[in-house]
Amino acid sequence: MKLYILKREQKISKNILDVFDFFSKPENLTIITPPKMKFEILTPNPVDMKEGALVDYTVKILGFPIRWRTLITKYSPPNIFVDQQLKGPYSIWHHTHTFEKISDNETLIRDVVVYGVPYGFIGRLIHSLYIKRDLKNIFSYRQRKIKKIFND
């Protein structure tokens, strides 16, 4: 299976504790996910974020509702957490969120997503025609929203 990697970085003029706090609340995904995806968290809030936490939600992809379940495989405030798809549209989805203190009021956010697409050749074709561009657009939207939220 072919694996793909999506990387993003963003500097925020906010302290690392506030930034990590925002990202460690799954309900905030609703705010930073494009509205067209109709993101809905199914796990009752507040989610107790820790290693081993499960988060269930639905998203719409190409108009179809998809149920997604992630497992928090690493949780080390305020520097890193990792979520991994247990059920969802990808063969593999491993998302590492890191937060680096640049100064007292500046934080570097890094996202590294390693993912695989099912269905062999057809999946690779769909990736090149749609998925790759769609993920870039989703993460670009996310960066714009984060900038706005933190008034950067």
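Above this note sits the structure.
Thresholds applied
- Residues numbered from 1 in each chain as written.
- Predicted model: local features only at pLDDT ≥ 70, side-chain atom pairs only at ≥ 80, totals over all residues.
- Heavy atoms only, no water.
- Phe/Tyr/Trp six-rings, centres within 6.5 Å; stacked < 30°, edge-to-face > 60°.
- Helix = DSSP H or I, 4+ residues; strand = E, 2+ residues; numbered from the N terminus.
- Core = buried A, V, L, I, M, F, W, Y, C linked by side-chain atoms within 4.5 Å.
- Buried < 20%, exposed > 50% of the residue type's maximum accessible area, 1.4 Å probe, protein only.
- Contact = heavy atoms within 4.5 Å.
- Pairing = 2+ DSSP bridges.
- Patch = residues over 30% accessible without salt bridge, like charges linked within 9 Å, V, L, I, M, F, W, Y side chains within 5 Å.
- Areas by Shrake-Rupley, 256 points an atom, 1.4 Å probe, with all protein chains shown as cover.
- Salt bridge = Lys/Arg side-chain N within 4 Å of Asp/Glu carboxyl O.
- Lys, Arg positive; Asp, Glu negative; His and termini not counted.
- Charge placed at Lys NZ, Arg CZ, Asp CG, Glu CD.
- Bend = angle between axes of the 7 residues up to and from the residue.

### Side note on the packing of aromatic side chains
In total, this model carries 16 aromatic pairs according to the counting rule given. With 5.6 Å between their ring centres and 50° between their planes, Phe20 and Tyr75 make a pair best called tilted. Pair noted here: Phe20 is in helix 1 (residues 16-23) and Tyr75 is in strand 4 (residues 64-76), with a separation of 55 residues, a long-range link. One aromatic cluster is present, built from ring pairs that chain together Tyr4, Phe39, Tyr57, Trp68, Tyr90, Trp93 and Tyr115.

### Points about the nonpolar core
Counting 35 residues, the largest nonpolar core has Phe23, Tyr90, Trp93, Phe99, Tyr115 and Leu135 as its most contacted members. Listed by contribution, the elements that provide at least two residues to this core are strand 1 (3-12), helix 1, strand 3 (54-61), strand 4, strand 6 (92-103), strand 7 (106-116) and helix 3 (120-149). In this view, Leu135 contacts Leu6, Tyr90, Trp93 and Tyr115; residues no more than four positions away in its chain are not counted.

### As for the sheet that holds strand 2 (residues 40-41)
Taken in spatial order, the 7 strands make up an open sheet running 1-7-6-5-4-3-2, and their pairing is antiparallel. Two strands in the sheet have a free side with no partner beyond their single neighbour: strand 1 and strand 2. Where strand 3 meets strand 4, 8 bridges bridge the pair, whose relative direction is antiparallel. When the bridges of strand 4 are listed, Tyr57 appears paired with Trp68.

### Some remarks on a positive patch on the surface
A cluster of basic residues, Lys2, Arg124, Lys132 and Lys136, forms a positive patch on the protein surface. Given the relative accessible area of 45%, Lys2 is considered partly exposed.

### Concerning a nonpolar patch on the surface
Residues Tyr119, Phe121, Ile122, Leu125, Ile126 and Leu129 make up a contiguous nonpolar surface patch of roughly 660 Å² in combined accessible area. In this fold, Leu125 is placed in helix 3.

### Things to note about helix 3
If you look at helix 3, its biggest bend is around 55°, right at His127. Taken as a whole, helix 3 has its buried residues at Gly123, His127, Ile131, Asp134, Leu135, Ile138, Phe139, Tyr141, Arg142 and Ile146. Contact partners of the buried residues in helix 3: strand 1, helix 1, helix 2 (29-32), strand 6 and strand 7. One or two residues past the end of helix 3 sits Asn151, with phi positive at roughly 50°.

### Thoughts on the pairing of strand 6
Here strand 5 (residues 80-87) pairs with strand 6 via 5 bridges, running antiparallel. Bridge pairing in strand 6 places Phe81 opposite His97. The antiparallel hairpin formed by strand 5 and strand 6 contains 4 residues in its connecting segment. As consecutive antiparallel partners, strand 6 and strand 7 are separated by 2 residues.

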